[in-house]
Amino acid sequence: MVELIRILSRATAKPLRTAGIEYGERPYLDENGHVGFEPDDAENPHCWSNTRRWYVTVCAVLLVVNATFASSAPSGCFGSIAKWFDISEEAAGLTITLFLLGYCAGPLIFAPLSEFYGRRWIFYGTFLLYIVFNFLCAFAPNFGSLLVGRFLTGTFVSAPLSNSPGVLADLWGPVERGNAMAVFSCMVWVGPALGPVVGGFLQLEKDWRWSFFVLLWLGGITAIPMFTIPETFGPVILIHRARRIRKARIPGYEDVKAPVEDSDRTLVGIYKVALTRPWIILFDTISFLCAVYMSVVYTLLYMLFSIYPIVFQERRGWNAGAGELPLVGTVIGSFIGSIIVLFDSKQKQNKLERGIPLKPEDRLTLAMMGGIGFPVTMFWFAWTAEYSWIHWMVPTIAGVFLAASLMLIFVGYLTYLVDSYLMYAASAIAVNTVCRSACGAAAPLFTNYMFDALGIGGGGSLIGGIALVLVVIPFAFYKYGEGIRRRSRFAPTGPRKADEEEGRRRTEGEKFTTRHNDLPPMLSDTNTSIMTGDDVGGIQSEMPRESRYEKTPRSSRQ
């Protein structure tokens, strides 16, 4: 009966109810006198079962799908929006622009909040506000209301987009995280590709409002499993544990604290660093060139949602629904990219296990592969799409490999940023996210004009030419990156040793080294596929963090 009550009363997917836990006479404290995790602790997210961790991972990825799908959904019905509000299709593109500008809020506003209050409540609050303001979009009385609604929905849904990688880092160790991160990265690309397809078919029979009805339905369905996401951020879990011990008034432990409670962190201090350091790091050589390259990639991603209708609707006469279907090829390309990422991750992990040290530059193999594929597939797509007598499958297949190339560049550079900046990686990724989102936001405003003036072949060749110039960057970093990092204030040098920490943390209780001088993790919509233990410390905890996760009283299990 007690077990039944415990199951029925559990509101989240954590493995046990913590409210009724009773502590022994001597709750364990670490060597610094702080509350910590014991080996195989039921409250430690790294010790949860694989089934439970994958469930929470899927819930977090569903939130990301909502964010990415919503970013491009209106692009499939620009014509309907333009006709309804009596505006141009370029003006209708502002619905994408303002949404992507809202993305900039995630790493700068909501990521610090999640470090202070925990992941769970930030997810709950921001996603519910995202759903509420989607009602404003769906029932907008005028175009201004629609734009306001889009900006606010983009702002609030940026929280799950930027914080979900933090959840994966909370749940999975460096070795295990590869599969979860590959799935996450894939969904970041699949969502935007499917949005225009759905919107295009809805425009044939309904109107633009139905695209937002779909977003409301998808958001409502996702909200159900979202409310089962438990708190996964270790420092916050330890704060709650310390409060329960103090409440129990065990003699000698009345004033016990979690590590972060004993630090001088404040929300104002966290924001002071979060809003200033990223812009300083932006002008570091590695960060700046990565931001330029990834901004071009992200801009092209959102240009495709205007290019495909030009190719298949204007040139070939397809309807609004069928004209968006070739975008499914980019979905296939994303899956191909994910498979390549998994193989690359496995290969590098094998090197680590054999004791072969890895430098950050070794992460650039994906970016080099994608960098070569980008201009080749762009020229292929542009000049086969230029002539309508060429079978439609030819440019569609080109789009498959173009998407795979873009994803490899994306994941490769994010991995390189994490390994290069370590404890400052969150700052580097935060400013990278802001830059590429801002550039992607501009894509709907100029793409039609550009391709009207240059044609598909000319416009595509311009993009391919830029990609051809940028392809030297990963090769240059591979050869000279270590020297560049040596001269940087923020990028430590030295090859990475084999990751022996994972097994030791398993046996010694998930110990983590304190980092007292940086800001919270503001991770982007993708992350590295394989990271060592030091990477976790760098990107998951750029803030005053608990000195060590060690032993606490063993709690009752499911």
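1. A closer look at the overall build of the protein chain
Then, in step 1: When helices and strands are tallied, the protein chain shows 21 helices and zero strands.
Then, in step 2: Long-range pairs, those at least 24 residues apart, make up 84% of the contacts in the protein chain between residues at least 6 apart in sequence.
Then, in step 3: Looking at the protein chain as shown, the accessible area adds up to about 20,700 Å², and 64% of this sits on carbon and sulfur atoms.

2. With respect to the confidence of the model for the protein chain
A low pLDDT means the predicted coordinates there should not be read in detail.
Then, in step 1: Averaged over all residues, the pLDDT of the protein chain equals 79, while 81% of them reach at least 70.
Then, in step 2: Here residues 496–558 is modelled with pLDDT under 50, and outside its nearest four sequence neighbours on either side it reaches 257 contacts, counting other chains as well.

3. Let's talk about the side chain of Ser488
Then, in step 1: Mapped onto the fold, Ser488 is located in the loop between α19 (472–486) and α20 (501–508).
Then, in step 2: For Ser488, a relative accessible area of 14% puts it in the buried group.
Then, in step 3: Among all residues touching Ser488, those that are not within four sequence positions of it are Asp284 and Tyr421.

4. Details of the packing of aromatic side chains
Then, in step 1: Evaluation of the coordinates by the stated rule reveals 28 aromatic pairs.
Then, in step 2: Between Trp210 and Trp217 the ring centres are 5.9 Å apart and the planes differ by 75°, which places this aromatic pair in the edge-to-face class.
Then, in step 3: Assessed through its relative accessible area of 27%, Trp210 is described here as partly exposed.
Then, in step 4: For the pair Tyr387 and Trp389, a centre-to-centre distance of 6.0 Å together with 35° between the ring planes defines the contact as tilted.
Then, in step 5: When its relative accessible area of 69% is taken as the criterion, Trp389 is described as exposed.
Then, in step 6: A connected cluster of aromatic rings, assembled from ring pairs, spans Trp84, Phe85, Phe143, Trp208 and Phe212.

5. Notes on the packing of helix α15 (residues 328–353) against helix α17 (residues 393–421)
Then, in step 1: Contact geometry of α15 with α17 gives a least axis separation of 7 Å together with a crossing angle of 45°. Judged by the inter-axis angle, α15 sits oblique to α17. Of the two elements, α15 crosses α17, and the hand of that crossing is right-handed. Counting all contacts with α15, which are made through Gly329, Thr330, Ile332, Gly333, Ser334, Ile336, Gly337, Ser338, Ile340 and Val341, the residues of α17 involved are Gly399, Val400, Ala403, Ala404, Met407, Leu408 and Val411.
Then, in step 2: Of the residues contributing to the contact of α15 with α17, the split by class is ten nonpolar, seven polar and no charged.

6. Describing helix α10 (residues 209–226)
Then, in step 1: Over its 18 residues, α10 runs 25 Å from end to end, which matches the ideal 26 Å to within 8%, given 1.5 Å per residue.
Then, in step 2: All of the buried residues along α10 are Arg209, Ser211, Phe212, Phe213, Val214, Leu215, Leu216, Gly219, Thr222, Ala223, Pro225 and Met226.

7. Describing a nonpolar patch on the surface
Then, in step 1: On the surface, a nonpolar cluster with roughly 460 Å² of combined accessible area is contributed by Leu194, Phe201, Leu204, Leu325, Val328 and Ile332.
Then, in step 2: Secondary-structure elements contributing two or more residues to the nonpolar patch are α9 (177–205) and α15.
Then, in step 3: Examining the composition of the nonpolar patch, we find that three residues originate from one element, α9, more than from any other.
Then, in step 4: Along the chain, Ile332 turns up in helix α15.

8. Brief notes about the pattern of salt bridges
Then, in step 1: Taken as a whole and assessed by the stated rule, the structure comprises nine salt bridges.
Then, in step 2: Residues Lys359 and Glu482 are paired through a salt bridge, measuring 3.7 Å at the closest nitrogen-oxygen approach. Of this pair, Lys359 sits in the loop between α15 and α16 (365–385) while Glu482 sits in helix α19, placing them 123 residues apart in sequence.
Then, in step 3: The exposure class of Lys359 is partly exposed, given its relative accessible area of 28%.

9. Description of the nonpolar core
Then, in step 1: Within the largest apolar cluster, 125 residues are counted, with the highest numbers of intra-cluster contacts made by Leu300, Phe374, Tyr413 and Tyr421.
Then, in step 2: Considering each element in turn, this core owes the most residues, 17 residues, to helix α14 (residues 285–314).
Then, in step 3: By size, the runner-up hydrophobic cluster in this structure holds ten residues, among which are Leu238, Ile245, Val256 and Ala258.

10. Side note on the layout of surface pockets
Then, in step 1: If you add up the space inside the second largest pocket, you get close to 320 Å³.
Then, in step 2: Of all the secondary structure elements, the ones that give two or more residues to the lining of the second largest pocket are α3 (78–85), α4 (89–92), α14 and α18 (425–470).
Then, in step 3: Split into classes, the residues belonging to the lining of the second largest pocket amount to seven nonpolar, eight polar and five charged.

11. Considerations on the environment of Ala467
Then, in step 1: Locating Ala467 in the fold gives a position in helix α18.
Then, in step 2: Given the relative accessible area of 0%, Ala467 is considered buried.
Then, in step 3: Not counting residues up to four positions away in its chain, the partners in contact with Ala467 are Tyr293, Phe374 and Pro375.

12. A look at the state of the cysteines
Then, in step 1: Using the criterion set out here, one finds zero disulfides in the structure.
Then, in step 2: Of all cysteine sulfurs, the one in Cys435 lies closest to Cys104, which takes part in no disulfide; the gap is 8.5 Å.
Then, in step 3: What makes Cys104 buried here is its relative accessible area of 15%.

13. Structural notes on unusual backbone geometry
Then, in step 1: The phi torsion at Asp86 lies on the positive side, around 60°, for a residue other than glycine.
Then, in step 2: Tracing the chain through its elements places Asp86 in the loop between α3 and α4.
Then, in step 3: A relative accessible area of 71% means that Asp86 is categorised as exposed.

14. So, the packing of α17 against α18
How two helices sit against one another is set out by the angle between their axes and by the gap between those axes.
Then, in step 1: Where α17 contacts α18, the two axes come as close as 8 Å, and the packing angle between them is 145°. Along its contact with α17, which presents Phe410, Leu414, Leu417, Val418 and Tyr421, the element α18 presents Ala425, Ala428, Ile429, Asn432 and Arg436.
Then, in step 2: In the contact of α17 with α18, the residues fall into eight nonpolar, one polar and one charged.

15. A word on the environment of Ile456
Then, in step 1: By the secondary structure assignment, Ile456 is in helix α18.
Then, in step 2: The buried category is assigned to Ile456, whose relative accessible area is 1%.
Then, in step 3: Spatially, the C-alpha atom of Ile456 lies 8.1 Å from that of Ile307, the residues being 149 residues apart in sequence.
Then, in step 4: Excluding anything up to four places from it in sequence, Ile456 contacts Ile310, Val311, Arg315, Ala382, Ala385, Glu386 and Phe451.

16. A closer look at the side chain of Thr415
Then, in step 1: In this fold, Thr415 is placed in helix α17.
Then, in step 2: In this structure Thr415 comes out as buried when scored by relative accessible area, which is 4%.
Then, in step 3: At 2.7 Å, the side chain of Thr415 forms a polar contact with the backbone oxygen of Val411.

The rules behind each value
- Residues numbered from 1 in each chain as written.
- Predicted model: local features only at pLDDT ≥ 70, side-chain atom pairs only at ≥ 80, totals over all residues.
- Heavy atoms only, no water.
- Helix = DSSP H or I, 4+ residues; strand = E, 2+ residues; numbered from the N terminus.
- Contact = heavy atoms within 4.5 Å.
- Areas by Shrake-Rupley, 256 points an atom, 1.4 Å probe, with all protein chains shown as cover.
- pLDDT = per-residue confidence, 0-100.
- Buried < 20%, exposed > 50% of the residue type's maximum accessible area, 1.4 Å probe, protein only.
- Phe/Tyr/Trp six-rings, centres within 6.5 Å; stacked < 30°, edge-to-face > 60°.
- Axes fitted to C-alpha atoms, helices over the stretch in contact; angles between N-to-C directions.
- Parallel < 35°, antiparallel > 145°, perpendicular 65-115°, else oblique.
- Left-handed = near helix turned anticlockwise from the far one by under 90°.
- Nonpolar A, V, L, I, M, F, W, Y, C, P; charged D, E, K, R; others polar.
- Expected span 1.5 Å × (residues − 1).
- Patch = residues over 30% accessible without salt bridge, like charges linked within 9 Å, V, L, I, M, F, W, Y side chains within 5 Å.
- Salt bridge = Lys/Arg side-chain N within 4 Å of Asp/Glu carboxyl O.
- Core = buried A, V, L, I, M, F, W, Y, C linked by side-chain atoms within 4.5 Å.
- 1 Å grid on protein atoms, 1.4 Å probe; cavity = no way out; pocket = protein on both sides within 12 Å on 5 of 7 lines; lining within 4 Å.
- Points joined across faces, edges and corners; volume = space filled by probe spheres on them.
- Disulfide = S-S within 2.5 Å.
- Polar contact = N/O pair within 3.5 Å; in protein donor to acceptor, adjacent residues only side chain to side chain.

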